[in-house]
Amino acid sequence: MEAEEGVAQIKPEYIITNHERSLCYTCISENDKRKLDEEEVEEQEVPHKKKKLTGQNKARNVFRPSKDNFCHAVAASVDESQEKCENDNCKFSHDRKSYFENKPPDIGDTCYLYSVQGLCSRGVTCRFGKEHLTENGVNIVNKELHEKWLQNSNKTATSTTSFTKETQNLLRKKKYDFSRSEEAIKEINKLKGKETSGPVDDLHYVKLRPQEMKKIDWRDKLYLSPLTTVGNLPFRRLCVDFGADVTCGEMALATPLLQGSLSEWALVKRHPSEKIFGAQLCGSNVNMLTKAAQVVEDMADVDFIDINLGCPIEFIYRQGGGSGLLLRGHVLKSAVRSMSYMLNVPLTVKTRSGCVIGKNIAHNFMPMFRDAGVSLITVHGRTREQRYTKNADWDYIQECAAAAKPTSVFGNGDILSYEDYMAAREKAPDVAGVMIGRGALIKPWIFQEIKERRILDPSSSERFGYLKTYVNYGLEHWGSDTKGVETTRRFLLEWLSFCHRYIPTGLLVNPPQKVNQRPPFYAGRDDLETLFASSNSGDWIKISEMLLGPVPEGFTFLPKHKANAWK
């Protein structure tokens, strides 16, 4: 049977021929139902209508559980007599007995936090509390295990950052000391008036640096791409388990960071298992980017800082940030120079090949990045307009790598197997390594495959174990109370909107799977594998309930990301 373009070949015995596609309305709000119906009708009436590729589900309703109204300090206490916290203005309940009698039922018998740390920080509010609560709801501590965990906290702590309430107040009152940033911007502005053209002035700039940056050996490293929403700390931690060498936090916007936004600062938290970790910043002007880089270097535990030159989101692009900076060369040049001058940790950039289809421009910036002291340049081989709908251009990535010598360049795009990795390295011999994004979301064990130089075919039970590990990491990071459980569930569902696209190796006619090939509807080798293959969000919710118990009343979910590559 001849292969259909864009469709993976599944062994005939697994293909479902009588499947009818239908929309899933499980846990979707009425407003989202109307939108889905409108899209379905439009696709039926004008099946080949070209749609503008923009961010998906901007106004989607996201279920947010009501916060536990019990004081965390009393909840976590191991002292039965403690009935009040130290904060006299605390507005939360301190009635442990009443809360314990009326709390939601437990989800499971084993608390991951207690089993690892010997003490659950959520105490009476924990949804797995049977293991560590007395009959009166008082928290129990396993002293021997907890002391061992404290001694070994460099391996097991949830996250690291020095960002404090004091720093937040300084930022909000605009009293933070940005003298380093201001000096760097001032020095670079002086240089503008002196330079003419050519590399001589760029080399002169490098000599202006008051200190040498720290060095990172990038050669042959496997780099997990900074992934918005799904590239959270628990997912990065899972990828490190599989062999990712370099990780980077989700894209953080410079302005909210400088305003002290806690949600934005959460994006630059690092887990101690992350060997080489960086923070990615997105902004549209020199002052904001340079100051954000300084405060992140000051307050976060980072090995490098990355500038986002690839984000295709419309409102960021229109403001001149992300890939929009590629169209504002003078601003980009000043920002890169100022940040490089000011930072002590290496500065890296991640860029798309350009903004408009057919007009690659990233190669024009390679000499500037090199001469400004950028440590690593990552090139995603697609333009902003292409999003993920076309194959990445590794020939162009090679062109950029050659133009940037001797600065290290990584290539990014369409790596889903060891075979893809080797083909990319052969096509672009001057790249120092690869960055992997969607490939890691679809199959996070890709890092293990590349390091072991083979194709893996994990069983459905093994894949369920990976989900369980992710959930445990999520509960450790976001908490095991109701709010933490539902936060973990939401991010698990967002990840499942990607990893259901994995096609088990044993079902393929010609493995390995290619990233932009969709499968026909198929059944797996067992019921669980079939469930994992479902593109129905209702089935993803079933998987979440196997790990985190039933969804709460009023729960809604619509995935943030949409597979443009499968259009």
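Draft legend 1. Quick look at the packing of aromatic side chains. In this structure the tally under the stated criterion is 15 aromatic pairs. For the ring pair Trp445 and Tyr502, a centre distance of 4.9 Å and an interplane angle of 85 degrees mean the geometry is edge-to-face. Taken together, the residues span a long stretch of sequence, with Trp445 in the loop between helix 19 (438–442) and helix 20 (446–452) and Tyr502 in the loop between helix 22 (482–499) and helix 23 (527–532) at a distance of 57 residues. Three or more aromatic residues joined by ring pairs make a cluster, and in this case those are Trp218, Tyr223, Phe304 and Phe410. Lying across the ring of Tyr317, Arg384 places its NZ or CZ 3.8 Å from the centre.

Draft legend 2. Local environment of empty space enclosed by the protein. Enumeration over the complete set of coordinates arrives at three cavities of 30 Å³ or more. Reported here for the largest cavity is a volume of approximately 130 Å³. Forming the boundary of the largest cavity are 14 residues, of which Arg463, Leu467, Trp495, Leu496 and Cys499 lie nearest the centre. Among the secondary structure elements, those contributing two or more residues to the lining of the largest cavity are helix 21 (460–478), helix 22 and helix 24 (537–548).

Draft legend 3. Region of the structure containing the pattern of salt bridges. Scanning the model with the defined rule gives 26 salt bridges in all. Residue Glu187 pairs with Lys190 through a salt bridge whose shortest N-O separation is 3.6 Å. Here the residue Glu187 and the residue Lys190 both occupy positions in helix 8 (residues 179–194), the gap between them amounting to three residues, near one helical turn. A single network of salt bridges, built from pairs that share partners, joins Arg180, Glu297 and Asp298.

Draft legend 4. Examining the nonpolar core more closely. Ranked by internal contacts, the top residues of the largest apolar core, which has 117 residues, are Val296, Ile305, Phe369 and Phe447. For this core, the element with the highest residue contribution is helix 22, accounting for eight residues. With eleven residues, the next largest nonpolar core counts Ile216, Tyr223, Phe304 and Met435 among its residues.

Draft legend 5. Spotlight on the confidence of the model for the chain. Put simply, the chain has an average pLDDT of 88, and 85% of its residues get 70 or more. Contacts from residues 50–59, a stretch scored under 50 in pLDDT, to residues over four places away or in other chains number 20 contacts. Note that pLDDT drops below 50 for residues 196–208; the model gives that stretch 18 contacts with residues more than four away or on any other chain.

Draft legend 6. Fine view of the environment of Ile541. The topology assignment puts Ile541 in helix 24. Under the relative-accessibility criterion, Ile541 is labelled buried at 3%.

Draft legend 7. Up close: the packing of helix 21 against helix 22. Close contact between helix 21 and helix 22 brings their axes to 9 Å; oriented N to C, the two are set at 140 degrees. In the packing of helix 21 onto helix 22, the handedness of the crossing is right-handed. For the pair helix 21 and helix 22, contact is made by Arg463, Leu467, Tyr470, Val471, Gly474, Leu475 and Trp478 and by Gly484, Val485, Thr487, Thr488, Phe491, Leu492, Trp495, Leu496 and Cys499, respectively. Among the residues making up the contact of helix 21 with helix 22, the classes are represented as eleven nonpolar, four polar and one charged.

Draft legend 8. Geometry of the packing of helix 22 against helix 24. For the pair helix 22 and helix 24, interaxial distance at closest approach is 10 Å and the crossing angle is 140 degrees. Considered as vectors, helix 22 and helix 24 are oriented oblique to each other. Our pair here, helix 22 against helix 24, has a crossing hand that is right-handed. Judged by residue contacts, Val485, Thr488, Arg489, Leu492, Leu493, Leu496 and Ser497 of helix 22 engage Trp540, Ile541, Ile543, Ser544, Glu545, Leu547 and Leu548 from helix 24.

Analysis parameters
Residues numbered from 1 in each chain as written. Predicted model: local features only at pLDDT ≥ 70, side-chain atom pairs only at ≥ 80, totals over all residues. Heavy atoms only, no water. Phe/Tyr/Trp six-rings, centres within 6.5 Å; stacked < 30°, edge-to-face > 60°. Helix = DSSP H or I, 4+ residues; strand = E, 2+ residues; numbered from the N terminus. Lys NZ or Arg CZ within 6 Å of the ring centre and 35° of its normal. 1 Å grid on protein atoms, 1.4 Å probe; cavity = no way out; pocket = protein on both sides within 12 Å on 5 of 7 lines; lining within 4 Å. Points joined across faces, edges and corners; volume = space filled by probe spheres on them. Salt bridge = Lys/Arg side-chain N within 4 Å of Asp/Glu carboxyl O. Core = buried A, V, L, I, M, F, W, Y, C linked by side-chain atoms within 4.5 Å. Buried < 20%, exposed > 50% of the residue type's maximum accessible area, 1.4 Å probe, protein only. pLDDT = per-residue confidence, 0-100. Contact = heavy atoms within 4.5 Å. Axes fitted to C-alpha atoms, helices over the stretch in contact; angles between N-to-C directions. Left-handed = near helix turned anticlockwise from the far one by under 90°. Nonpolar A, V, L, I, M, F, W, Y, C, P; charged D, E, K, R; others polar. Parallel < 35°, antiparallel > 145°, perpendicular 65-115°, else oblique.

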